[in-house]
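# Tertiary structure, described
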Amino acid sequence: MKKSRAFLKWAGGKYTLIEKIRYHLPEGETLIEPFVGAGSVFLNTDYERYILADINQDLISLFKTIKHTPQKFINDAKLLFTANNNQESAFYQFRQLFNQSKDPYQRSLLFLYLNRHCFNGLCRYNNSGEFNVPFGKYQKIYFPEKEIIFFSEKAKKAKFICANYHKVMKQAKKGSVIYCDPPYEPLTYSANFTTYYKNGFNQQDQKRLAILAEKIAAKSSIPVLISNHDTENTREWYKKAKIHHVETRRSISCYGQSRKKIQELLVLYQ
């Protein structure tokens, strides 16, 4: 199966790990992703149906827009991807417009613009719910038209939901498979970046996710696969699951130039 890239940049995206994730994902009719992110697992698997969720309303609104009006969205979004708009002053004007806008369609267009032009493609909001990632200073900006088209076609099989993970997971029915890619347990304190949206994801959330996964698998016979860093904490939280150790490469500097191998876990409750 040929690998397909997401149209969004995304911290912790699963494109490089997709073969290993596919290998460990059980068969089923519906794949449920409570932390869909940019959607790399969705784009690179072949289930009959998908339930894709995230707490980020802007992300889910964007996905719904592309599902229902892909060509209009592409035509309008292209107008933002110009050389003049790849400048610091323009970026901060568009960021301010995004933060002030109440129109879902306008926010979707600007969300894509900000994602492709901001620093490292990060998605981060302040306590007031304002997008606050700085300008990325890229020489050239790629407009992901073919990736958007592919996403819109695949999205015909998907339902998009803005909700917390526990609400989404509790909707799982027989024939479902759940894949969870939560904000990772940090390898070091300085690497802690679990507040990409207004609500953080702390260690209590990590523990609750593990407990819920175990409960759903045991009581409903619905398998749950979870990704996370390989740490002392995660090995303890997931000790009742089948643990698989995997290796990937991640950026370790703020400039994304230094990369090293990182140990991660894929844990299966079944």
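Before reading further, recall that the structure is shown in the block above.
The rules behind each value
Residues numbered from 1 in each chain as written. Predicted model: local features only at pLDDT ≥ 70, side-chain atom pairs only at ≥ 80, totals over all residues. Heavy atoms only, no water. Axes fitted to C-alpha atoms, helices over the stretch in contact; angles between N-to-C directions. Helix = DSSP H or I, 4+ residues; strand = E, 2+ residues; numbered from the N terminus. Left-handed = near helix turned anticlockwise from the far one by under 90°. Contact = heavy atoms within 4.5 Å. Nonpolar A, V, L, I, M, F, W, Y, C, P; charged D, E, K, R; others polar. Buried < 20%, exposed > 50% of the residue type's maximum accessible area, 1.4 Å probe, protein only. Phe/Tyr/Trp six-rings, centres within 6.5 Å; stacked < 30°, edge-to-face > 60°. Lys NZ or Arg CZ within 6 Å of the ring centre and 35° of its normal.

### A look at the packing of helix α5 (residues 88-100) against helix α6 (residues 104-117)
- Viewed as axis vectors pointing N to C, α5 and α6 meet at an angle of 145°, and their least axial separation amounts to 10 Å. Between α5 and α6 lies a crossing whose hand is left-handed. Judged by residue contacts, A90, F91, F94, R95, L97, F98 and N99 of α5 engage Q106, R107, L110, F111, Y113, L114 and H117 from α6.
- Looking at the contact of α5 with α6, its residues break down into nine nonpolar, three polar and two charged.

### A closer look at the environment of G121
- Of note, G121 is situated in the loop between α6 and α7 (145-154).
- Residue classification places G121 among the buried residues on the basis of a relative accessible area of 1%.
- As a C-alpha pair, G121 and F7 span 114 residues in sequence and 11 Å in three-dimensional space.

### Things to note about the environment of L212
- Inspection of the secondary structure assignment puts L212 in helix α9 (residues 203-220).
- By relative accessible area, which is 12% here, L212 ends up buried.
- Sequence separation of L212 and F160 is 52 residues, and the distance between their C-alpha atoms is 21 Å.
- Not counting chain neighbours up to four residues away, the residues in contact with L212 comprise Y165, H166, M169 and K170.

### Comments concerning the packing of aromatic side chains
- Inspection of the entire model under this criterion finds 20 aromatic pairs.
- An angle of 25° between the planes, with centres 5.6 Å apart, marks the rings of F35 and Y165 as stacked. Taken together, the residues F35 in the loop between β1 (30-33) and α2 (40-43) and Y165 in helix α8 (residues 165-169) connect sequence positions 130 residues apart. Neither F35 nor Y165 differs from the other in exposure class; each is buried.
- When the ring of F42 is compared with that of F151, the centres are 5.5 Å apart and the planes differ by 80°; the resulting orientation is edge-to-face. Of this pair, F42 sits in helix α2 while F151 sits in helix α7, and the two are 109 residues apart along the sequence.
- Owing to a relative accessible area of 0%, F42 belongs among the buried residues under this scheme.
- Note on F151: relative accessible area 1%, which makes it buried.
- Site record: aromatic cluster; members linked through ring pairs are F7, F42, Y47, Y50, F63, F151 and F160.
- Over the face of the ring belonging to Y15 we find K3, whose NZ or CZ atom lies 4.0 Å from the ring centre.

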